[in-house]
Amino acid sequence: MTPEMLYALRDQAGVPAHPLIFLVLGVLTFALHMVAVQVMLGASALTLRGAISTDASWRRLAAAMLTTAKIAVSVAIVLGVAPLLFVQVIYDPFWYTSNVLSAWWVMGFIGLLIVGYIAMYAFYWKNPDLAQMGGRSTGWMVLSVLALLGVGFIVHSLTYQALFPQQWMTWYAPGGTVDPSGRSLHLWHLPRFGFFIALSAPVAGAWLLAYRRYLQGAQEPDTGYLAFLLQLGQRMMRVGAAVAGALGVLWMATLPPEMAWFAASPWMGVGALAVLALLLLPTLLRTQLDDGWRGYTAFGVATLALIALASAREALRYFTLTGAYGYGALDYRVQMDWYSTVLFFITFAALGGTALGYLLTVVWQAGQHRGPQPYTPPAAVTRLGTWTIGLLVAWTLAYFGVGLWVWLR
Ligand code: HEM
């Protein structure tokens, strides 16, 4: 596959803003996607572990983690769409070819995701009293975890296949006979996939420490449960980061020749530091975990570690494609479209910021509220809610208004 052929596969219309914007947003949103995926998988595993336990703390944790997992699936999906859009824009020759070569799996991905999510709800419906009774029909939860892992494996394979253009023709026409069925996944790399999945343990461990701090803020009376969470969260961070680190070493040791440069690059150092931070964090933060906002630091640092890892992963893709295939994602033709670029950032900052700020504040405060009276939001928070609705209406009018104006003009 020559660079000219790869460039010919690009969208000739160009991109509506500098490709660096898409690259950076792709990395950031991918990191957030991974955090959500890892909380989802970690919380699901804890749900299963707690569901089969007779210990009261484990059962209470199972009920809390089931709620977390249900929400984390939807957050992971929403935050999966964002990097999907960015990767499609600047890596379209690679992403679409890989998708078309495995088209059945791309569509199966959605079916499997639906199965995974419904199975999780089936377990939830079967267990309204999980904290008291332990788990019934745990098979549903096992099915859910397997299906969600299957979804992740498909995305991993699609991402990985995209990095090997020299093999595309062999997959498309094995032995010279065209196979347009799209029925096969052609390539994957288990240590790479395992690395991202194993990170679920330290990230979910950091989540547990934040959950514990949140309960402390809400005057949690059960000190035994708080001690249980502390111990479990710290252990998950230490052991999980060590396992992920080992898989990371295996990944580096088995890099294919096109990517071998990465193992000796500074980017690899960035990744190693990120995993080390997850490993050492529980020890470094030991005395500060009960202390105001600092109690949430572990989860904040875990998110930063994922941003660092996502940057290193992007460097691996970007420089492999430039070095081995002569394709530069950043030399995309720019067809500057100020309106859509400005609208995107305003939507993100003004509408997204206000709406999420309002919802998260209400949920947070309601969860921390104790007392005989139900929680009522303070006037400032209610004002934020009113602003959210106003902005949403203004945004909808602007969005459709400009569309109509362009159409009728
Ligand atoms: C719910 C189960 C999911 C799991 C366990 C999962 C897991 C993963 C993993 C492990 C990767 C890294 C792959 C690699 O670099 O080798 C990844 C990347 C990605 N995932 Fe997910 N994912 C899930 C759902 C989704 C969904 C629903 C979407 C989209 C709507 C999505 C979009 C993406 C994208 C766009 C990437 C990055 C692709 C790239 O950079 O080329 N994921 N996911």
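Residues numbered from 1 in each chain as written. Predicted model: local features only at pLDDT ≥ 70, side-chain atom pairs only at ≥ 80, totals over all residues. Heavy atoms only, no water.

Asks: Residues and numbers for the environment of Ile-389, please.
Replies: With respect to the secondary-structure elements, Ile-389 resides in helix 15 (residues 379-408). Separated by 304 residues in the primary sequence, Ile-389 and Leu-85 place their C-alpha atoms 27 Å from one another. (Helix = DSSP H or I, 4+ residues; strand = E, 2+ residues; numbered from the N terminus.)

Asks: Tell me about the packing of helix 5 (residues 103-126) against helix 7 (residues 138-161), residues and numbers included.
Replies: Here helix 5 crosses helix 7 at 155°, and the two axes come no closer than 8 Å. Classified by the interaxial angle, the pair formed by helix 5 and helix 7 is roughly antiparallel. As helix 5 packs across helix 7, the resulting crossing turns out to be left-handed. Where helix 5 abuts helix 7, its residues Trp-105, Val-106, Phe-109, Leu-112, Leu-113, Val-115, Gly-116, Ala-119, Met-120, Ala-122, Phe-123 and Lys-126 lie against Thr-138, Trp-140, Met-141, Leu-143, Ser-144, Ala-147, Leu-148, Gly-150, Val-151, Ile-154, Val-155 and Leu-158. A class-by-class count of the residues in the contact of helix 5 with helix 7 yields 19 nonpolar, four polar and one charged. (Axes fitted to C-alpha atoms, helices over the stretch in contact; angles between N-to-C directions. Parallel < 35°, antiparallel > 145°, perpendicular 65-115°, else oblique. Left-handed = near helix turned anticlockwise from the far one by under 90°. Contact = heavy atoms within 4.5 Å. Nonpolar A, V, L, I, M, F, W, Y, C, P; charged D, E, K, R; others polar.)

Asks: Now, about the site of the ligand: what can you tell me, with residues and values included?
Replies: Around the ligand lies a shell of 24 residues, among which His-33, His-156, Arg-192, Arg-313 and Arg-317 are the nearest. Contact between the ligand and His-33: a nitrogen atom at 3.0 Å from a side-chain N or O atom of the residue. Counting only elements with at least two residues in the shell around the ligand, the list comes to helix 2 (19-51), helix 3 (56-90), helix 5, helix 7, helix 9 (190-198) and helix 13 (297-325). (Near = heavy atom within 4 Å. Polar contact = N/O pair within 3.5 Å; in protein donor to acceptor, adjacent residues only side chain to side chain.)

Asks: A description of the nonpolar core should follow, citing residues and the corresponding values.
Replies: The tendency in soluble globular proteins is for nonpolar side chains to be buried as a group. Counting 105 residues, the largest nonpolar core has Leu-61, Tyr-91, Leu-208 and Tyr-211 as its most contacted members. Sorting elements by how many residues they give to this core places helix 2 first, with 16 residues. In contact with Leu-208, not counting residues within four places along its chain, are Leu-46, Leu-61, Met-65, Leu-229, Leu-232, Gly-233 and Met-236. (Core = buried A, V, L, I, M, F, W, Y, C linked by side-chain atoms within 4.5 Å. Buried < 20%, exposed > 50% of the residue type's maximum accessible area, 1.4 Å probe, protein only.)

Asks: How would you explain the packing of helix 10 (residues 200-217) against helix 11 (residues 223-253) if you had to name every residue and give the values?
Replies: A pair of packed helices is captured by two measures, namely the crossing angle of their axes and the spacing between those axes. Where helix 10 meets helix 11, the closest approach of the two axes is 7 Å, and the angle between their N-to-C directions is 160°. Regarding the angle of helix 10 to helix 11, the classification is roughly antiparallel. Of the two elements, helix 10 crosses helix 11, and the hand of that crossing is left-handed. Seen from helix 10, the contacting residues are Ala-201, Pro-202, Ala-204, Gly-205, Ala-206, Leu-208, Leu-209, Tyr-211, Arg-212, Leu-215 and Gln-216; seen from helix 11, they are Tyr-225, Leu-226, Leu-229, Leu-230, Leu-232, Gly-233, Gln-234, Met-236, Met-237, Gly-240 and Ala-241. Its residues assigned to classes, the contact of helix 10 with helix 11 shows 16 nonpolar, five polar and one charged.

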